[in-house]
Amino acid sequence: MTDRIEIQGLRVVGHHGVFDHEKRDGQPFVVDVVLEADLSRPAVTDELGDTIDYGTLAQRIADEVRATRFDLIERLAGHLLDVAMSDPMVVAAEVRVAKPEAPVTEEFGEVAVRLRRERP
């Protein structure tokens, strides 16, 4: 499948992490989502009902980052991947969750986890 919808750089404050201060104070998370689906129909019809509403999905992803609490970003990424795969049009999805302010003592850009799933 080569048709894709991508949401990149969705920045949301969440309360995920192993340490108490992460859970209490929160920190930014940056989420990228790639959906693979057959987009040939909406490419012709120009109808929102024939495609995946990326605005609604972005809001759902942001709401889940805010509402849930996980120790590991691996678990957060898995949860967000389940949200992305909940639309029956999606045949495969990839979610990347970055934690740019992770509690790492060395200088770094960000820590991230990337998960991908396909329907059987």
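Keep in mind it's a predicted model, so treat the numbers as computed, not measured.

Draft legend 1. Highlighting the overall build of the chain. Assigned secondary structure in the chain consists of 4 helices and 4 strands. Each helix and strand of the chain, placed in order from N terminus to C terminus, yields the pattern β-α-β-α-α-α-β-β. Out of the 120 residues in the chain, the part that is buried amounts to 45%. Residue pairs in contact within the chain that sit at least 24 positions apart in sequence constitute 61% of those at least 6 positions apart. Element-wise, carbon and sulfur atoms account for 49% of the exposed surface of the chain, whose accessible area totals about 7100 Å². Each charge class in the chain can be summarised by its mean position, and for the 15 positive and 24 negative side chains these summaries are 4 Å apart.

Draft legend 2. Here's a closer look at the side chain of R96. With respect to the helices and strands, the residue R96 is situated in strand β3 (residues 92–99). There is a polar contact of 2.5 Å between the side chain of R96 and the side chain of E110. When residues no more than four places from it in sequence are discounted, the contact partners of R96 are V30, V31, D32, E110, A112, V113 and R114.

Draft legend 3. Layout of the sheet that holds strand β2 (residues 27–36). Spatially, the 4 strands line up as an open sheet ordered β1-β2-β3-β4, and their pairing is antiparallel. One side of each edge strand has no neighbouring strand; the edge strands of this open sheet are β1 (4–14) and β4 (111–118). On average, each strand axis in the sheet is tilted by 15° relative to the strand beside it, whichever way the strands run. Where β1 lies against β2, 9 bridges are found, and the strand directions are antiparallel. Each bridged residue has a counterpart across the sheet, and for I5 the counterpart in β2 is L35. Running over the sheet, helix α3 (residues 54–67) touches β1 and β2 and is turned about 30° from β1.

Draft legend 4. The nonpolar core, seen in detail. In this structure, L10, V31, V33, L35, I61, L80 and V97 are the most contacted members of the largest nonpolar core, which totals 31 residues. For this core, the elements supplying multiple residues, two or more each, are β1, β2, α3, α4 (73–85), β3 and β4. Considering each element in turn, this core owes the most residues, 8 residues, to α4. If we skip the residues at most four places from it in the chain, V31 touches I7, Q8, G9, L10, I61, V65, L80, V95, R96 and V97.

About the thresholds
- Residues numbered from 1 in each chain as written.
- Predicted model: local features only at pLDDT ≥ 70, side-chain atom pairs only at ≥ 80, totals over all residues.
- Heavy atoms only, no water.
- Helix = DSSP H or I, 4+ residues; strand = E, 2+ residues; numbered from the N terminus.
- Buried < 20%, exposed > 50% of the residue type's maximum accessible area, 1.4 Å probe, protein only.
- Contact = heavy atoms within 4.5 Å.
- Areas by Shrake-Rupley, 256 points an atom, 1.4 Å probe, with all protein chains shown as cover.
- Lys, Arg positive; Asp, Glu negative; His and termini not counted.
- Charge placed at Lys NZ, Arg CZ, Asp CG, Glu CD.
- Polar contact = N/O pair within 3.5 Å; in protein donor to acceptor, adjacent residues only side chain to side chain.
- Pairing = 2+ DSSP bridges.
- Axes fitted to C-alpha atoms, helices over the stretch in contact; angles between N-to-C directions.
- Core = buried A, V, L, I, M, F, W, Y, C linked by side-chain atoms within 4.5 Å.

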